[in-house]
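Each chain, letter by letter, is given below.
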Amino acid sequence: MWLPKTAIRRPVFTTVAVIIILVMGFVSLTNLQTDLLPEIQPPVGAVVASYPGAGSKEVLEKVSKPLERKLGTLSGLKTIQSQSREGSALILLEFDWSQDINQVQNDVLSRINQTHLPSDVDTPNFLKFDPATFPIMQLSVKVENGSRDALQNDVDEIVHSISKLPGVASAEDSGLVGRQIRISLDGDKIKKYGLTQKDVKDRIESSNVSQPGGIVKDGDNDLTARVVSELTKVNDLKRLTVSRHPLTRQKITLDEVAEVKVADANQSVITRTNGKPGVGINVFKQSGSNTAQVASEVRDELKRLNKVLDNDTLVIFDQGKYVDRSVSNVGSTMAGGALLAMLVLFLFLRSFRSPLIIGIAIPLSVIFTFVLMYLSDFSLNIMTLGGLALGIGMLVDNAIVVIENIYRHRQMGKAPKEASVAGAGEVAAAVTASTLTTVFVFVPVIFVQGIVGQLFKEFAFTVSFSLLASLLVSLTVVPVLSAAIMKKPWKGWNRQQKENGVYRSFRNGLSWALSHRKTVLASAFLLFLIGGVGVWKVGTEFLPASDEGVFTVEVKMPSGTGLEKTKAVSKKVEEILNEEKDIANYQATIGEGENENAISGRSARNISRIYVNAVESGERSLTTRSLINRLRPRLAEAAPEAEVTLKEQSSFQTTGTPGTLEFTLSGSKEQMDRYAASVTNQLKEMDHVREVTNSREETKPELQVEVDRKKAENKGVIPAQIVEAVSNATRGETVTRIDLEKGPVLDVDLSFDPTYRQSPEKLKDLPIPAGGDGRTVSLGTVAKVKKGEGPITINRSNLQDSIEYQVQFDGTDLGRMEKATEERLAELLPAGMDVKFTGSAELFNDAVDDLLLAVGLAVLFVFLVLSAQFESFRTPFVIILTLPLMVIGVGVSLWLTKTPVGVTALIGVIVLAGIVVNNAIVLVDFINQLKDRGYSSYEAILESGTARLRPIMMTALTTILGLIPLSFGFGEGTEIQQPLAVTVIGGLLSSTLLTLFVIPVVYTLFDPELRRKRKIG
């Protein structure tokens, strides 16, 4: 082949090319972004509509259903779900993965504009699901004994400083109680002077204005007129005239009818860190920015701020550190695999110089791969590094085959350059064919859609890049280095090899196999069946759970529970967490936050969400899931009046919650009411089930104000006035903002005296404006005030009432859990109720079809590439029969390691389709070469098997040993690649051992000289 010859003939040119690749590689590596995963854009969006004052049923009928009807006919829409709750509607849209959510956005907005909604419904917003909307860091500012203003200034400084950092989208604080100017109206005095809350509001708003006017001439100059009437002191508000006495016409100031003071704002969120008060800060990165780098810069900024600010800031969660550890762990396994591969070469060739050549070829191939990754706009993540870790063992294969053959020619007494040219040229075709077959098995990954396609495309391309780079290095740099530094073997080496007991035993075994072809084939078929049973026994999963040491505890009190009561119960749970030595930090957020994620977040005054971060995996003896199982009964006992739910968190959250089966139950409202509790109770009784939760929320206590229209009409009151008065009195309203001369800008909150909110009886005394002459009437005279029950949230799925269930399990796999749940529900539920599995189960079922298609296409592409390479359809058919042999090892390895069949294991099968044929290619290609030289078929098979035993064993062992560190799954980030490594190791081990005997036997069945012979030998 011309490539090795040219490289050896022009060593300076080859050296210059290597230097250029090294320089470009290092530049590319420094510019590659570091992230946990490839960028994923799920085709999921949400339409959020606000309908102030409306109940759940009213929101459903007037907002949710009209939007469902319009949006339900969108092209490519997979599922549509809605949540109708008091004052708001959420419509969740999930499209096929073939749809681009950015292109769908215009269609969604168009349908929203076509929907007829009540006039007082705010224009609905469309929100796209973006992983960047989840915080990469969670911080807590520890509340010391300093002043409130100092704390406020520190939090503002931290948020401002972090927000300015490159790559940071925003930093948002929660749990900090702000200050406001509170105006509490005295109901008796308001009634006495014939005022209403609206009168006071209008007076304040009209007195605090700054309005630009027109242009006023000043000689040759033009001046812009501005009318200014600003309130800058609390006393300005107090002295503000709100009316005049109807008899004396004296001024009535605001402080005569209300209490005006600076006070704490109403607290809706309480944040506690490690059991003590704190202020939470979430840090969000910009989409596409480097997670590890952004987190590192935030940590550096916090170190600086902690030195100058009064209040220290604690890091509760840091995804950047997890990314760094994950990338480092996968990189370490890659380096460990490379060292093991070099050790194999040394043991087989007994030479330090040959491993040195490999030691140069591996980094060069990897660096060249970095160049291709940079040009393809990939990032350094656990998928691309996993691809490199897999490629390490495979990219050594090409170099080993070339080195071993050059070594063989040196044994024949050839000169270094002659041996390098002849040795590399002799195997160039086989090496090229084996590389291309492996590369082509990844082509079908293009057809894999969904989240699996987005996760593994970069993996597939990275492996392909590394293999193509290794092919180029093996046919250029390796021959040049071999010619320069490879030592000539001692004369007796070749004779010693032939007399070696291993070689003699193998030759005798191969001769016996050729003489007992039926026995060999029958044994191989029996082992194939055993391997198939092993695959069937291990069960299924979508993706393996990664132990990130993070989980959440949700403490849900009965609906209607106040914030202080929820805080007290949450404190009991926090005390248990504080006693646990395996927990590093935890942060509790109690109440209803302003910045809740519209798609995934949920919070209320009766819910406390505790985010728990365990100590490093090396410092604890339990996995995160085991820790959760140990804590679950203790936390339930500590808070018996609450519903306590624990969930393991993962960076792969878009692929479903780890160890959780999710499904949606749909049907009529009557069916939902009848079977909702029964389903939960039945599932809790199943084996391996740890916890069952559902989205069905019971009614909550509410105070219903029923307007008596007849009485209201007689008093001159319309219902809208009652609604406005009750709403303003119970919730208050922000009427303006005042920039104080000696202080911050504060909101002005206007409401009636808190006594009206102390009991239903007090509320009956609330003054309601009657007519336009200043008269008021008590609420109790025009409406009935009574306690009642109201729905919290109404869930619908695909235009039907629905309930979402989550079943947390342990000690079994996802597939068996899904099957057992399906059987139990079939026994319990009547016809007409629909069960749809979602989350990991749905993703796996969707992915299996695509991956099986990819496996089939991979086998087809391998066959076609081999047919083109050998210019024959018969020879590739012999080689392709290697593939069933891998099933034996795959089944046994998965069964021994208790690894379920998941997406990564199936990707491993696709990889094997390209790898296992390589040994057969090398073997069959050399058989054909020897036959062309005049050997008989029988002699060619025996000689080829013996001559190729060493390179076949070397290439297989380097790939296997290169993946062994990854197969143990030690450290963060390696868990997702572990099933792939186990699959490839098992499949390669069985196929390699059996290829040496089965393929020669199969070859004889297609060879004209041997196929008709009953006995060979």
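Residues numbered from 1 in each chain as written. Predicted model: local features only at pLDDT ≥ 70, side-chain atom pairs only at ≥ 80, totals over all residues. Heavy atoms only, no water.

## What to know about the overall build of the chain
When you go through the chain residue by residue, the secondary structure sums to 33 helices and 30 strands. Taking all 1017 residues of the chain together, 53% fall into the buried category. Intrachain contacts of the chain at a sequence separation of at least 6 include 79% that bridge at least 24 residues. Positive and negative side-chain charges in the chain, numbering 109 and 112 respectively, have mean positions lying 7 Å apart. (Helix = DSSP H or I, 4+ residues; strand = E, 2+ residues; numbered from the N terminus. Buried < 20%, exposed > 50% of the residue type's maximum accessible area, 1.4 Å probe, protein only. Contact = heavy atoms within 4.5 Å. Lys, Arg positive; Asp, Glu negative; His and termini not counted. Charge placed at Lys NZ, Arg CZ, Asp CG, Glu CD.)

## So, the environment of Leu661
Position of Leu661 among the secondary structure elements: in strand β20 (residues 660-667). As a C-alpha pair, Leu661 and Tyr805 span 144 residues in sequence and 8.2 Å in three-dimensional space. Ignoring sequence-local partners within four residues, the contact set of Leu661 consists of Tyr805, Gln806, Val807, Phe809, Leu814, Met817, Glu818, Thr821, Phe837 and Ala841.

## Structural notes on the packing of helix α19 (residues 517-537) against helix α30 (residues 883-896)
The contact between α19 and α30 brings their axes to 7 Å, and the two run at 40 degrees. Classed by the angle they form, the pair α19 and α30 counts as oblique. Once α19 is placed against α30, the crossing between them reads as left-handed. For the pair α19 and α30, the contacting residues are Ala524, Leu527, Phe528, Gly531, Gly532, Gly534, Val535 and Lys537 in the first and Pro884, Leu885, Val887, Ile888, Val890, Gly891 and Trp895 in the second. Residues belonging to the contact of α19 with α30 are distributed by class as follows: 10 nonpolar, 4 polar and 1 charged. (Axes fitted to C-alpha atoms, helices over the stretch in contact; angles between N-to-C directions. Parallel < 35°, antiparallel > 145°, perpendicular 65-115°, else oblique. Left-handed = near helix turned anticlockwise from the far one by under 90°. Nonpolar A, V, L, I, M, F, W, Y, C, P; charged D, E, K, R; others polar.)

## Some words on the packing of aromatic side chains
Here the structure, examined in full by the defined rule, presents 11 aromatic pairs. Linked through ring pairs, Phe378, Phe461 and Phe465 together constitute an aromatic cluster. Over the ring of Phe13 we find Arg10, and its NZ or CZ is 4.9 Å from the ring centre. If you follow Lys898 out to its NZ or CZ, it ends over the ring of Trp895, 5.3 Å from the centre. (Phe/Tyr/Trp six-rings, centres within 6.5 Å; stacked < 30°, edge-to-face > 60°. Lys NZ or Arg CZ within 6 Å of the ring centre and 35° of its normal.)

## Looking at the sheet that holds strand β23 (residues 733-739)
Hydrogen bonding along the main chain pairs the strands of a sheet, whether they run parallel or antiparallel. Taken together, 4 strands build an open sheet; the order of strands is β12-β7-β24-β23 and the sheet is mixed. Every other strand in the sheet has two partners, leaving β12 (258-264) and β23 as the edge strands with one partner each. Between one strand and the next, the sheet's axes are offset by a mean angle of 25 degrees, whatever the strand orientation. In the sheet, strand β7 (residues 179-185) pairs with strand β24 (residues 745-752) via 6 bridges, with the strands oriented parallel. Directly across from Ile181, in β24, lies its bridge partner Val748. Against the sheet, helix α24 (residues 719-731) contacts β23 and β24, and its axis sits at roughly 125 degrees relative to β24. (Pairing = 2+ DSSP bridges.)

## Describing unusual backbone geometry
Trans is the common state for peptide bonds, and a negative phi is the common state for residues other than glycine. The phi dihedral of Asp377 is positive, around 65 degrees, even though this residue is not glycine. Turning to its location among the elements, Asp377 is positioned in the loop between α12 (353-375) and α13 (382-411). We classify Asp377 as exposed; its relative accessible area is 69%. The backbone of Lys898 sits at a positive phi, close to 55 degrees, despite the residue not being glycine. As for its position among the elements, Lys898 is in the loop between α30 and α31 (903-932). Relative accessible area serves as the criterion here: at 64%, Lys898 is assigned to the exposed category.

## Examining the environment of Arg620
For Arg620, the location among the structural elements is in the loop between β18 (607-614) and α21 (624-638). Separated by 37 residues in sequence, Arg620 and Ile583 place their C-alpha atoms 9.1 Å apart. Contacts of Arg620, omitting those with residues within four sequence positions, involve Asp547, Glu548, Gly549, Asp582, Ala614 and Val615. Within the local environment of Arg620, its side chain forms a polar contact with the backbone oxygen of Leu622, the two atoms lying 3.0 Å apart. (Polar contact = N/O pair within 3.5 Å; in protein donor to acceptor, adjacent residues only side chain to side chain.)

## Some points on the nonpolar core
Counting 169 residues, the largest nonpolar core has Val452, Phe459, Phe542, Leu851, Val903 and Ile907 as its most contacted members. Among the elements that line this core, the one with the most residues is α31, at 18 residues. If sequence neighbours within four positions are ignored, Val903 has contacts with Val452, Phe456, Glu541, Phe542, Leu543, Phe844, Ala847 and Leu851. Formed by 41 residues, the second largest nonpolar core is a distinct cluster that contains Ile190, Ala258, Val717 and Val785. (Core = buried A, V, L, I, M, F, W, Y, C linked by side-chain atoms within 4.5 Å.)

## What to know about the side chain of Arg272
Note on placement: Arg272 falls in strand β13 (residues 269-273). Judged by relative accessible area, which is 8%, Arg272 ranks as buried. There is a polar contact of 3.1 Å between the side chain of Arg272 and the side chain of Glu574. Non-local contacts of Arg272, meaning those with residues more than four positions away in its chain, are made with Pro277, Gly278, Lys567, Lys571, Glu574, Tyr586, Gln587, Ala588 and Ile590.

## Overview of helix α5 (residues 148-163)
Over its 16 residues, α5 extends 22 Å from the first C-alpha to the last, a length consistent with the 22 Å expected when each residue adds 1.5 Å. All of the buried residues in α5 are Ala150, Leu151, Asp154, Val155, Ile158, Val159, Ser161 and Ile162. Buried positions along α5 lie against β5 (137-142), β6 (168-174), β14 (276-285), α10 (291-308) and β15 (313-318). (Expected span 1.5 Å × (residues − 1).)

## Examining the side chain of Ser944
Checked against the element boundaries, Ser944 lands in helix α32 (residues 937-968). Setting aside residues up to four positions removed in sequence, Ser944 forms contacts with Leu923, Phe926, Ile927 and Leu930.

## A look at α30
The first and last C-alpha atoms of α30 sit 21 Å apart over 14 residues, in line with the 20 Å expected at 1.5 Å per residue. Residues of α30 that are buried: Leu883, Leu885, Met886, Ile888, Gly889, Val890, Gly891, Ser893 and Leu894. For α30, the elements touching its buried residues are α19, α28 (839-870), α29 (874-880), α31 and α33 (978-1006).

## Observations regarding the packing of α31 against α32
It is the contact of α31 with α32, at a shortest axis distance of 8 Å, that shows an interaxial angle of 145 degrees. Here α31 and α32 pass one another in a crossing that is right-handed. Every residue of α32 that contacts α31 at Asn919, Val922, Leu923, Phe926, Ile927, Leu930 and Lys931 is listed here: Ser937, Ala940, Ile941, Glu943, Ser944, Gly945, Ala947, Arg948, Ile952, Thr955 and Ala956. When its residues are assigned to classes, the contact of α31 with α32 shows 10 nonpolar, 5 polar and 3 charged.

## Comments concerning the pattern of salt bridges
Summed over the entire model, instances satisfying the criterion amount to 30 salt bridges. Between Asp222 and Lys217 there is a salt bridge; the shortest N-O distance is 3.0 Å. Using a relative accessible area of 63% as the deciding quantity, one classes Lys217 as exposed. The salt bridge involving Arg632 is made with Glu691; its shortest N-O contact spans 2.8 Å. Of this pair, Arg632 sits in helix α21 while Glu691 sits in strand β21 (residues 689-694), and the two are 59 residues apart along the sequence. The class for Glu691 is buried, based on a relative accessible area of 10%. (Salt bridge = Lys/Arg side-chain N within 4 Å of Asp/Glu carboxyl O.)

## Let's talk about a nonpolar patch on the surface
Taken together, the side chains of Phe525, Leu526, Leu527, Phe528, Leu529 and Ile530 make up a nonpolar region of the molecular surface, amounting to roughly 550 Å² of accessible area. Note on placement: Ile530 falls in helix α19. Residue classification places Ile530 among the partly exposed residues on the basis of a relative accessible area of 47%. (Patch = residues over 30% accessible without salt bridge, like charges linked within 9 Å, V, L, I, M, F, W, Y side chains within 5 Å. Areas by Shrake-Rupley, 256 points an atom, 1.4 Å probe, with all protein chains shown as cover.)

## Observations concerning the environment of Val909
Residue position: Val909 is located in helix α31. Apart from residues no more than four positions distant in its own chain, Val909 is found in contact with Val855, Met886 and Thr983.

## Considerations on the confidence of the model for the chain
Of the residues in the chain, 92% reach a pLDDT of 70 or more, and the chain-wide mean stands at 81. Under a pLDDT of 50 for its full length, residues 594-603 has, in the predicted model, 24 contacts with residues more than four places off or in other chains. (pLDDT = per-residue confidence, 0-100.)

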